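Coordinate analysis (summary)
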Amino acid sequence: MTFISPTADQVLAMTVSAGIAEIAASDRFAAASSDMVAAIAEGIGQFAEGEWAPLDRIGDTQGAKAKDGVVTLPAGYAEAYSAYVAQGWNAVSGPEAFGGQGLPFTLACCVLETLGAANLGFSLLPMLTVGAIEAIAHHGSAAQQAKYLPNLVSGVWPGTMNLTEPQAGSDVGALRTSAVPVTEGEHAGKWRIKGTKIFITWGEHELAENIVHLVLARTPGAPAGTRGISLFIVPKYLVGADGRPGARNDLRVVSVEHKLGIHASPTCVMSYGDNDDCIGELIGAENEGLKCMFTMMNSARINVGSQGVQVAEAALQKASRYARERIQSARAGSPDKTPVTIAEHPDVRRMLLRMRALTEGSRALLYYTAGQVDRGALGDEAAEQRADVLVPMLKAWGTDAGCEVASLGVQVHGGMGFIEETGAAQHYRDARITPIYEGTNGIQAADLVTRKLGYGQGAVLKALLADVAAGAGDAPALGELARRCSAIADWMLGEASLDDKLAGSVPFCTMCAVAVAGWQLLRQSQAALEQGGALARTKPVVARYFAEHLVPEALGLAPAATGGAALFYALSTEELAGA
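Okay, so let's go over this structure. (Residues numbered from 1 in each chain as written. Predicted model: local features only at pLDDT ≥ 70, side-chain atom pairs only at ≥ 80, totals over all residues. Heavy atoms only, no water.)

Concerning the layout of surface pockets
Put simply, the rule reads: We place a 1 Å grid over just the protein atoms. Points where a 1.4 Å probe fits but has no way out form a cavity, open points with protein on both sides within 12 Å along at least 5 of 7 lines form a pocket, and any residue with an atom within 4 Å of a point lines it. Grid points are joined across faces, edges and corners, and a volume is the space filled by probe spheres set on the points. Helical segments are the DSSP runs of H or I of at least four residues, strand segments are the runs of E of at least two, and each set is numbered from the N terminus. Think of it as three bins: nonpolar holds Ala, Val, Leu, Ile, Met, Phe, Trp, Tyr, Cys and Pro, charged holds Asp, Glu, Lys and Arg, and polar takes everything else, Gly as well.
In this model, the second largest pocket occupies a volume close to 850 Å³. Taken together, 28 residues line the second largest pocket, and the ones lying closest to its centre are Leu 316, Ser 320, Arg 324, Arg 356 and Glu 360. Elements with a contribution of two residues or more to the lining of the second largest pocket: helix H1 (7-16), helix H9 (289-325), helix H10 (346-377) and helix H18 (534-555). Sorting elements by how many residues they give to the lining of the second largest pocket places H10 first, with seven residues. Looking at side-chain class alone, the lining of the second largest pocket contains twelve nonpolar, seven polar and nine charged residues.

Structure (structure tokens):
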């Protein structure tokens, strides 16, 4: 199937939900004119359609291969990545001092969203680089910034994030990778890194001349747990005084995981310091690595939420095309018994409209979040805090929505959806990782109710919900959902125990996300009606479906959000697990 970039809907979302014109009114982002916004959305759409989308199926069927410490990708990937770098797409929001265009984060989100919809596994390569840029820009020394940022910003050198270890999983504080100071020789002042990391996305490949790994490790005498973690820059090739890659560092890929999906993305087991000569540079202060890494993780969580949008868009396009082409049965109740396309049948229409509402709703939430990030970068502290509150909603609900849309896409195809050759199953398989990595959706929900809910003693979240209620207009269920979320927030801030809050965190996170997404779809609907054109016909229908179907479903989650934890512990662990 030919991928078609959702450019018009992206521009509407950036205009209305992100408020890109207001952001461009600042001196810092003045270059983000309406013409620039349209040019980037259209340009990356054309690039993704022509360069990345054609590689999607070969990436899924052939995947990344590891042999003798070398990871290879199918034919065409190196050329497509080289074209991506050459055209400057990686540098859209990068700092101008290091070769970036300095445009808003919102536009970088548009670039990644389009690339990921065209080829999800491939898009993880630039996605992690964005986080590495932010970490070094915020926490690196001037020398480190000068050494690494120009090539990271351009994409000539991609970056990775190394947290997870076999024994630790999501418990980062349990990591064992060590960092020992080098006191003599050419690397004096640096550190020797030793340990094993797993689930390292694009940890090794031959698409670039160097790879910049950011690695969490523990220094001698460091406090136990997360308080004793430091962050290190560990390049694949040591960088010489001339800024060029030199000797190979003492690190290697052990294997590439055999995964359910995203086969084009090499998920690596990485070994550092097999020969006790892996050299790294401390970034930021010692024992503050988690703080530095969270700069990367926040960006990554937004972009993983975007992956929910991406896979939903791809699955929606594939299912819509199939529904328009597949002829089967006459329309129920029609006197004409001529078979029609399945798109004429009510239940298929239900699925397609649901898929579209979830896709456009999660996109609305993505760009609303991105717009708040940009306002935060301009010094708006309230927007920065609102963005922090929105991130777990976007990551969790956005990826849950992507999984549902991909599943519905298989259903629309019927039995052919279960057959790999149609490609519908690929989206289903690709989508399933997104609720897991960069912090599982349960961790996101826990973050919302234990940390983000506490911002201003609940004032930040409640102000957001008040805005939703005020903007609900002629969608009464949406206003009721916002008010119900606010009441649950009060309960969680008050009488609820920690166990009770955590037990209700996932349904509460879903409720809040649906409320914000529904609000933004209403705003887009109103703007589309004013602007006219094709979206003036479609957006109001999508927004109405969301308000009349998805919002009431979210209201139905209230008992689960407030039910408490007692029932979860009514059975012993042995009884629950069936031991």
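After presenting the structure, the write-up continues.
A word on helix H11 (residues 381-413)
Condition: To estimate how far a helix should reach, multiply one less than its number of residues by 1.5 Å. Bend at a given residue is defined as the angle between two axes, one fitted to the seven residues that end at that position and one fitted to the seven that begin there. The classification of residues rests on relative accessible area computed with a 1.4 Å probe and restricted to protein chains. Under 20% of the type maximum is buried, over 50% is exposed, and intermediate values are partly exposed.
Taking 1.5 Å of rise per residue, the 33 residues of H11 would be expected to cover 48 Å, and the 47 Å separating its terminal C-alpha atoms lies within 8% of that figure. By the largest-angle criterion, Leu 390 marks the main kink of H11, which is about 30°, and a proline, Pro 392, follows within four residues. A large share of H11 lies buried, amounting to 24 of its 33 residues. Immediately downstream of H11, the backbone of Gly 414 shows phi near 65°, a positive value.

Examining a nonpolar patch on the surface
The line we're drawing: To count toward a patch, a residue needs a relative accessible area over 30% and no salt bridge; like charges are then connected within 9 Å, while nonpolar side chains (Val, Leu, Ile, Met, Phe, Trp, Tyr) are connected within 5 Å. Per-residue accessibility takes into account occlusion by the displayed protein chains alone, with areas from the Shrake-Rupley method and a 1.4 Å probe. Only one rule defines a salt bridge in this text: a Lys or Arg side-chain nitrogen within 4 Å of an Asp or Glu carboxyl oxygen.
Taken together, the side chains of Leu 567, Phe 568 and Tyr 569 present a nonpolar region at the surface, about 420 Å² in accessible area. Judged by its relative accessible area of 70%, Leu 567 falls in the exposed class.

Quick notes on the pairing of strand S11 (residues 267-272)
Selection criterion: Any two strands with at least two DSSP-identified bridges between them are counted as paired.
Of all six residues in S11, six are buried, a share of seventy percent or more. Side-chain alternation along S11 places Thr 267, Val 269 and Ser 271 on one buried face and Cys 268, Met 270 and Tyr 272 on a second face that is also buried. Here five bridges tie strand S10 (residues 251-256) to S11, and the two strands are oriented antiparallel to one another. Considered in S11, the bridge of Ser 255 is made with Val 269.

A look at the pattern of salt bridges
Note on pairing: side chains with opposite charge can pair once their charged atoms come close. Per the counting criterion, the structure on display carries 29 salt bridges. Arg 354 is the partner of Glu 553 in a salt bridge, and the nearest nitrogen-oxygen pair spans 2.8 Å. Placement of Glu 553 in helix H18 and of Arg 354 in helix H10 is noted, with a sequence separation of 199 residues between them. One salt bridge in this structure joins Asp 447 and Lys 452, with 2.8 Å as the shortest N-O distance. Assigned by exposure class, Asp 447 and Lys 452 land together as buried. Through salt bridges that share partners, Asp 9, Glu 113, Glu 313, Arg 356, Glu 360, Arg 363 and Lys 539 make up one connected network.

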